[in-house]
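Chain by chain, the residues:
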Amino acid sequence: MVSEKSGRLRFWVWAAVSGVVSAAVFLAAAELMALLVAREGSPILAVGSFVIDIVPQPFKEFAIATFGEYDKIALLVGLALAVLIASAIAGVLEYVRPPLGVIALGVAGALSVAAILTRAGAGPLAAIPPIFGALAGGTLLWFLSARLRRWAGGAAGARAEGPASVDRRLFFRVSAIAGAAAVVVGVGARALINATASSITAVRSALNLPAPRSTVTVPAGAELDIPGISPLFTPNEDFYRVDTALTVPSIDPNTWRLVIDGMVDTRVELSFDDLVGMGLDEYAITLTCVSNEVGGPLLGTAKWLGVPVRDVLARAGVQSGADMVLSRSIDGFTASTPLESLTDDGLDAILAVAMNGEPLPLEHGFPVRMVVPGLYGYVSATKWLTELKVTTFDADEAYWTPRGYSAKAPIKFSSRLDTPRTGTPVTVGRTPLAGVAWAQTVGIERVEVSIDDGDWQAATLSTPINDDTWVQWYLDWDATAGTHYVTVRAVNKAGETQIEERAPIAPDGSTGWQRSLITVR
């Protein structure tokens, strides 16, 4: 009895292997066909993007908080594990109840087709890769399962060296060849597809932008020389990245176009040269993500080179009654920006083409993105921009609005302690408490610090560049041995004090005073 059970389990294991190999062939064949006829037809990327779209808001925030900029990698790893488990189950099903496994692969192909065709920019041939992959994978699974059943049926007694032996060798030979081919073809096809990004990187490196008509003046005292404090300007490689793109889009600026339509007098289409030909200026602006928790890292300041959005909209002529601009990314993401935030002469809302002295990095929106001070990124900072639709909040809805976020999202001003950090002890004696504070479009009046719930003490501020950027602050502290709570809050130039009550990220940004436990030895 034990031997019989052991034998049955052995064949179930090989059935699971046949399912995994068949799924690998499915994906490899689809990647090859995507390379040949429709690069947007990759099933794994389309399904991954679909998952990003449908995952409930709490799970999105958990992924961002847990994995940060690596949330897309975590998603792909999770999808790979899910595919591995599902394909193993399909293999077992095909072995014990044919053709259920083949049907399962067919369903996977159909779901992939649906995910692909619902993506922005999907062409008429985009369905071919998953269909081709499902046919290849299903055929292989049918063949391997048939060999496996014949092997199992004739594996008893002396017959193990007869026809069963032939089926066994054929099963292993075909499985090995198909598995190896799937790895080579799948990885090779994906590498060739990704080579497009490398070519765009070369295009970006060779791009020569016109000199700006004006540059940012950084006043003396704008940056404090304190170890551990955030730099005045966040390096591009350290700038936070939160978006819905599973893979970074590769867009050639020579073929890029921006369409301005909707409630306008004239539909306008601009090339990259048209845009930069309007004249570039430099702006210093701090961006903040709505997913930033109290004291969190999802914000940064950069020097941006760009063109005012109001100048672009003026070319089209905005019609009366409009109150929103729906910006669209090449990957289908949309943002709802109040029209007044883009047309106000006192606000520097721009279409940016450069960041900290170089063309936009690919992951930050190359060749063109929006940068709007005073609004959270999900309603303003559209990367890989392709369209500005002048419309109304009543008529159109952006990506995040039906997912539990407000359609309008002015940034809630806040402050952060950068150093010392919780978990990093400091020594007894004089030590600086230091960090940053921000109140985009309004400006920071002062920052106050409380030690162990004592009196509020005014910190020393750096000289602000403008009201759209954060300021640094510090307070010299005579640290005594033990553990201490350090609380920080800001007051803006309108005389408002940072909100003390804690609020979650959704629907329009977190609030609360950062309270850190500092150990002194």
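Worth saying up front: this structure is predicted, and the values here are computed from it rather than measured.

Reading the values: the criteria
Residues numbered from 1 in each chain as written. Predicted model: local features only at pLDDT ≥ 70, side-chain atom pairs only at ≥ 80, totals over all residues. Heavy atoms only, no water. Helix = DSSP H or I, 4+ residues; strand = E, 2+ residues; numbered from the N terminus. Buried < 20%, exposed > 50% of the residue type's maximum accessible area, 1.4 Å probe, protein only. Contact = heavy atoms within 4.5 Å. Polar contact = N/O pair within 3.5 Å; in protein donor to acceptor, adjacent residues only side chain to side chain. Pairing = 2+ DSSP bridges. Axes fitted to C-alpha atoms, helices over the stretch in contact; angles between N-to-C directions. Arc of directions from axis to C-beta. Patch = residues over 30% accessible without salt bridge, like charges linked within 9 Å, V, L, I, M, F, W, Y side chains within 5 Å. Areas by Shrake-Rupley, 256 points an atom, 1.4 Å probe, with all protein chains shown as cover. Salt bridge = Lys/Arg side-chain N within 4 Å of Asp/Glu carboxyl O. Lys, Arg positive; Asp, Glu negative; His and termini not counted. Charge placed at Lys NZ, Arg CZ, Asp CG, Glu CD.

## Regarding the environment of Gln 498
In step 1: One can find Gln 498 in the loop between strand S17 (482-492) and strand S18 (514-520).
In step 2: Residue Gln 498 is classed as buried on the basis of its relative accessible area, which comes to 3%.
In step 3: Not counting chain neighbours up to four residues away, the residues in contact with Gln 498 comprise Phe 413, Ser 414, Ser 415, Arg 489, Ala 490, Gly 512 and Trp 513.
In step 4: Side-chain polar atoms of Gln 498 contact the side chain of Ser 415, separated by 2.8 Å.

## Describing unusual backbone geometry
In step 1: Cis rather than trans, the peptide bond between Pro 98 and Pro 99 has omega equal to 5 degrees.
In step 2: Position of Pro 99 relative to the elements: it lies in the loop between helix H4 (71-96) and helix H5 (100-117).
In step 3: A cis amide bond, omega 10 degrees, links Phe 366 with the succeeding residue Pro 367.
In step 4: Looking at where Pro 367 falls in the secondary structure, it is placed in the loop between strand S8 (358-359) and strand S9 (369-371).
In step 5: In this model, Asn 356 sits at a positive phi of 55 degrees, which is unusual for a non-glycine residue.
In step 6: Note that Asn 356 resides in the loop between strand S7 (350-355) and S8.
In step 7: Despite not being glycine, Trp 384 has its phi angle at roughly 50 degrees, a positive value.
In step 8: Note that Trp 384 resides in the loop between S9 and strand S10 (385-391).
In step 9: Residue classification places Trp 384 among the buried residues on the basis of a relative accessible area of 2%.

## Brief notes about the sheet that holds strand S5 (residues 324-329)
In step 1: Pairing within the open sheet is mixed, and its five strands lie in the order S2-S1-S10-S5-S6. At either end of the open sheet lies a strand with only one pairing partner, and these are strand S2 (268-271) and strand S6 (334-338). Each neighbouring strand pair of the sheet contributes to a mean axis angle of 20 degrees, computed without reference to strand direction.
In step 2: Across four bridges, the pairing between strand S1 (residues 257-262) and S10 is parallel. In the sheet register, Gly 262 faces S10, and the bridge partner there is Val 390.

## What about helix H9 (residues 309-316)?
In step 1: Taken together, the buried positions of H9 are Val 309, Arg 310, Val 312, Leu 313 and Ala 316. Along the axis of H9, the buried positions cluster into a sector of 160 degrees, meaning they face one direction only.
In step 2: One or two positions beyond H9, positive phi appears at Gly 317, with a value near 80 degrees.

## Here we look at a negative patch on the surface
In step 1: A contiguous patch of negative charge on the surface is contributed by Asp 323, Glu 340, Asp 344 and Asp 394.
In step 2: Inspection of the secondary structure puts Asp 344 in the loop between helix H10 (339-343) and S7.

## Let's talk about the pairing of strand S3 (residues 281-288)
Two faces belong to every sheet, and in a regular strand the side chains alternate between them.
In step 1: With eight of eight residues buried, S3 lies mostly within the body of the structure.
In step 2: Of the two faces of S3, the one holding Asp 281, Tyr 283, Ile 285 and Leu 287 and the one holding Glu 282, Ala 284, Thr 286 and Thr 288 are both buried throughout.
In step 3: Bridge count between S3 and strand S4 (residues 299-308): eight bridges; the pairing is antiparallel. If you follow Thr 288 over to S4, its bridge partner there is Leu 299.

## Focus: the environment of Ile 52
In step 1: Mapped onto the secondary structure, Ile 52 falls in helix H2 (residues 43-54).
In step 2: Note on Ile 52: relative accessible area 13%, which makes it buried.
In step 3: On a C-alpha basis, the gap between Ile 52 and Ser 198 in space is 25 Å, while along the polypeptide they are 146 residues apart.
In step 4: Excluding residues within four positions of it along the chain, Ile 52 makes contact with Lys 60, Lys 72, Leu 75, Thr 244, Leu 246 and Tyr 399.

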